[in-house]
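# Overview (structure and organization)
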Amino acid sequence: MLERRKFLGLSVLAFGVATAPVNLSAVNFRETKPNLWKATKVDDAIKELFGTTTATKGKIKLKAPDIAENGAVIPVSFETDLKASKIAVFQDANPESAVAVFDIPDNAIIDYGIRIKMAETGTVTVVAQENGKLYKVSKLVKVTIGGCGG
Amino acid sequence: MAKTRIKAKEKKGVVTVKTLSKHPMLSYVEAKRAKKEVNFITHFMAEANGKVVYEVSTSQFLSKDPYMKFKFTGAKKGDEITITWVDLKGNKDVSTKKIR
């Protein structure tokens, strides 16, 4: 007795997962690192963000005033030639340490400027991450509250 | 509603952008003192030609009406730059400007 078998040609559907880099799916560090924004010490915040606090000094040019007459507006700018993937700005004058975390896109030139607030005299720290290594620079900014400067 | 002023200039392939966003940026301490609700920009992003060129997650310690300066490559005169920011309450602002 002959039996006929039917073979089903299974066509495997290869789901073409769009491999194009989803450039617009930006990383919001407020959602991915909620604890970072609550850290009250600079070192804790660095650890929360990068997982380590071991950092090499230098390689970043940080510009901030020596004396800020107005703690509400302190211009902070920094530039670096590092191919950094992440840069974060911290200070130790406010209740929490983290100020801003930059996610660096490919075609960015790291020459950034922001204005920050500080409640009192404190140290501004900028940390950059390149290939898993950390680089750090700090600068003391004196804040003369309500004074006429000098 | 455009709440962000943008200046974007291209020179030798490098685009320099300066932005000024109108926002009170009330930190927890300040908000308590002023008896207002805490609110500040939490995420700020710039796009040009469909690519993200600048991105930052921010805290309450940026100054009122935050100013930002940044540079990037890969865009030319006449291209549009789009700035998008979101604050703690979920307000979103999108502003567009042509690169000069």
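No experiment lies behind these values; they were computed from the predicted model shown.

What counts, and where the lines are drawn
Residues numbered from 1 in each chain as written. Chains lettered and ligands numbered in written order. Predicted model: local features only at pLDDT ≥ 70, side-chain atom pairs only at ≥ 80, totals over all residues. Helix = DSSP H or I, 4+ residues; strand = E, 2+ residues; numbered from the N terminus. Buried ≥ 20, exposed ≤ 12 C-beta atoms within 10 Å, placed from the backbone. Contact = placed C-beta atoms within 7 Å. UniProt positions renumbered as here; feature names shortened; annotations may be inferred. Nonpolar A, V, L, I, M, F, W, Y, C, P; charged D, E, K, R; others polar. Pairing = 2+ DSSP bridges. Core = buried A, V, L, I, M, F, W, Y, C linked by C-beta atoms within 7 Å. Axes fitted to C-alpha atoms, helices over the stretch in contact; angles between N-to-C directions.

### Description of the overall build of chain A
A count of helical and extended segments in chain A gives 2 helices and 9 strands. Starting at the N terminus and ending at the C terminus, chain A contains elements arranged as α-α-β-β-β-β-β-β-β-β-β. Scored against the burial criterion, the 150 residues of chain A give a buried share of 33%. Contacts in chain A between residues far apart in sequence, at least 24 positions, make up 63% of those at least 6 positions apart.

### What to know about the UniProt feature "domain: Sulphur oxidation protein SoxZ" (unreviewed entry) in chain B
UniProt tags residues 7–96 of chain B as "domain: Sulphur oxidation protein SoxZ" (unreviewed entry). Helix makes up 8% of residues 7–96 of chain B and strand 54%, and the two end C-alpha atoms of the span are 10 Å apart.

### Description of the interface of chain A and chain B
On the side of chain B, 28 residues touch chain A, which itself brings 31 residues to the contact. At the level of secondary structure, the elements contributing two or more residues to the side of chain A that touches chain B comprise helix H1 (29–32), strand S6 (98–103) and strand S7 (108–116) of chain A. A per-element tally of the side of chain A that touches chain B places S7 of chain A first, with 8 residues. Across the side of chain A that touches chain B, the residue classes tally to 18 nonpolar, 7 polar and 6 charged. Of the pairings in the sheet, the one linking S6 of chain A to strand S4 (residues 51–58) of chain B comprises 3 bridges and is antiparallel in character. Its bridge partner being in S4 of chain B, Val101 of chain A is matched across the sheet by Ser57 of chain B.

### Overview of the pairing of strand S6 (residues 80–87) of chain B
Residues and elements named next belong to chain B. Judged from the 7 bridges that link them, strand S3 (residues 41–48) and S6 form a sheet pairing that is antiparallel. The residue bridging Met45 from the neighbouring strand is Thr84, located in S6. As defined by bridge partners, S6 adjoins strand S7 (residues 92–98) across 7 bridges and the pair is classed as antiparallel. Within S7, the position partnered with Val86 by the bridge is Lys92. Once S6 ends, the chain turns through 4 residues before running back antiparallel as S7, passing Gly90 with a positive phi of about 90°.

### What about the nonpolar core?
Membership of the largest hydrophobic core comes to 61 residues, with the highest contact counts inside it found for Ala88 and Ala100 of chain A. With near-sequence residues (within four places) excluded, Ala100 of chain A lies in contact with Ala88, Val89 and Ile114 of chain A together with Val56, Ser57, Thr58, Ser59 and Leu62 of chain B.

### Topic: the sheet that holds strand S2 (residues 60–63) of chain A
Spatially, the 6 strands line up as an open sheet ordered S2(A)-S4(A)-S7(A)-S5(B)-S2(B)-S1(B), and their pairing is antiparallel. Every interior strand has two partners, whereas the edge strands, S2 of chain A together with strand S1 (4–11) of chain B, have only one. Each strand of the sheet is rotated relative to its neighbour by a mean of 10°, with strand direction disregarded. Relative to strand S5 (residues 67–73) of chain B, strand S2 (residues 14–21) of chain B is paired through 7 bridges, and the arrangement is antiparallel. Within the sheet, the bridge partner assigned to Thr16 of chain B lies in S5 of chain B and is Lys71 of chain B.

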